[in-house]
Amino acid sequence: MPAKGKHRRPKQNPITRKLALAGTGGAALTLPLISATTAGAVGTSAPSAAVTAVTAATAVNVAAAPPTTYSVVVGDTLSEIAADHSVSGGWKQLYEANRAVVGDNPSVIRPGIKLTLGAQEKAATAAKTEAKTAAKPTSSYANNLDGWIRESLDVMAKHGIPGSYNGIHRNVMRESSGNPKAINLWDINARNGIPSKGLLQVIDPTFKAYHVPGTSLDSYDPVANITAACNYAAARYGSIDNVNGAY
């Protein structure tokens, strides 16, 4: 048979074909980015996901940026470097953050070594602050006789003053029944103008003589009163535990 004329199928624009394929099958596909010159129908209202992704990536890069460093040159000193770069804490903090590379003598720094000035220096400061906070005692004491005795025992332990919970409690209940504002206005001390006060009925001269640093100067203060009385009892009787009557 004679050959018939062949009709050429019009070629689809590659972009049109890609769009057609992307729209079939019901799957959510990522469409190719189309420039304004090839598809004017896609305006500036395109989703900003790409911009958001770029912004997020930039933020990550900023967060992951290496710390600022400084390379020591001849004639440098830690104090000058700290001042020039506004290092928080001055040369001492700069030295602490770079002790490993500087060595034991902060007055001698070798040309060529690199000192950390930025993120790592801040991290070192934060770590030291955290360590100090962790080292602080977190004990809290109840505002009652039990709490006062326990706090006093902790103070006594720091100052090497002997005494036990039971010894203190026994004497407190005998002297004041646990009332920190108790005062004796009828005995010989009261007649002499120095009445016995507080949980362990301490007169002012004894309180002042045996007051323990770190406690209140008020003789009615429960912890201060207990601690001073125990300090006096230790000096006179060896321990508050040895006191079973008036002292």
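Structure: see above.
In this text, all values refer to a predicted model and were calculated from it rather than measured experimentally.

Can you tell me about the pattern of salt bridges, naming the residues and giving the values?
A side chain of one charge can pair with a side chain of the opposite charge if their charged atoms are brought near each other. Counted under the stated rule, the structure contains four salt bridges. Here R174 makes a salt bridge to E175, at a shortest N to O gap of 3.2 Å. The salt bridge involving D204 is made with K197; its shortest N-O contact spans 3.1 Å. On the basis of relative accessibility, which here comes to 25%, the residue D204 falls in the partly exposed class. Classification of K197 as buried rests on a relative accessible area of 14%.

Which residues make up unusual backbone geometry, and what values go with them?
Its identity is not glycine, yet S177 carries a phi of approximately 60 degrees, on the positive side. We note that Q201 has phi near 50 degrees; this positive angle belongs to a residue other than glycine. Here Q201 shows up in the loop between α9 (188-191) and α10 (204-210).

If you had to explain helix α7 (residues 145-158) to someone new, which residues and values would you point to?
Its 14 residues give α7 an end-to-end C-alpha distance of 20 Å, which sits within 8% of 20 Å, the value for a rise of 1.5 Å per residue. Listed in full, the buried residues belonging to α7 are L145, G147, W148, I149, S152, L153, V155 and M156. The secondary structure elements touched by the buried residues of α7 are α8 (165-175) and α11 (222-237). Sitting at the head of α7, N144 places a side-chain oxygen 3.2 Å from the backbone nitrogen of D146. Within two residues after α7, G160 carries a phi angle of roughly 70 degrees, on the positive side.

Lay out the nonpolar core with the relevant residues and their values.
Soluble, globular proteins show a tendency: their nonpolar side chains are buried together. Core analysis: the biggest nonpolar cluster contains 23 residues, and I168, I226 and C230 have the highest contact counts within it. When residues of this core are traced back to their parent elements, those giving at least two are α7, α8 and α11. In terms of residues, this core owes the most to one element, α11, which gives seven residues. Here I226 is in contact with W148, I149, S152, I168, L199 and L200, once residues within four sequence places are set aside. If you look at the next biggest cluster of nonpolar residues, it comprises 12 residues, including L78, L94, V102 and I109.

Cut-offs applied
- Residues numbered from 1 in each chain as written.
- Predicted model: local features only at pLDDT ≥ 70, side-chain atom pairs only at ≥ 80, totals over all residues.
- Heavy atoms only, no water.
- Salt bridge = Lys/Arg side-chain N within 4 Å of Asp/Glu carboxyl O.
- Buried < 20%, exposed > 50% of the residue type's maximum accessible area, 1.4 Å probe, protein only.
- Helix = DSSP H or I, 4+ residues; strand = E, 2+ residues; numbered from the N terminus.
- Expected span 1.5 Å × (residues − 1).
- Contact = heavy atoms within 4.5 Å.
- Polar contact = N/O pair within 3.5 Å; in protein donor to acceptor, adjacent residues only side chain to side chain.
- Core = buried A, V, L, I, M, F, W, Y, C linked by side-chain atoms within 4.5 Å.

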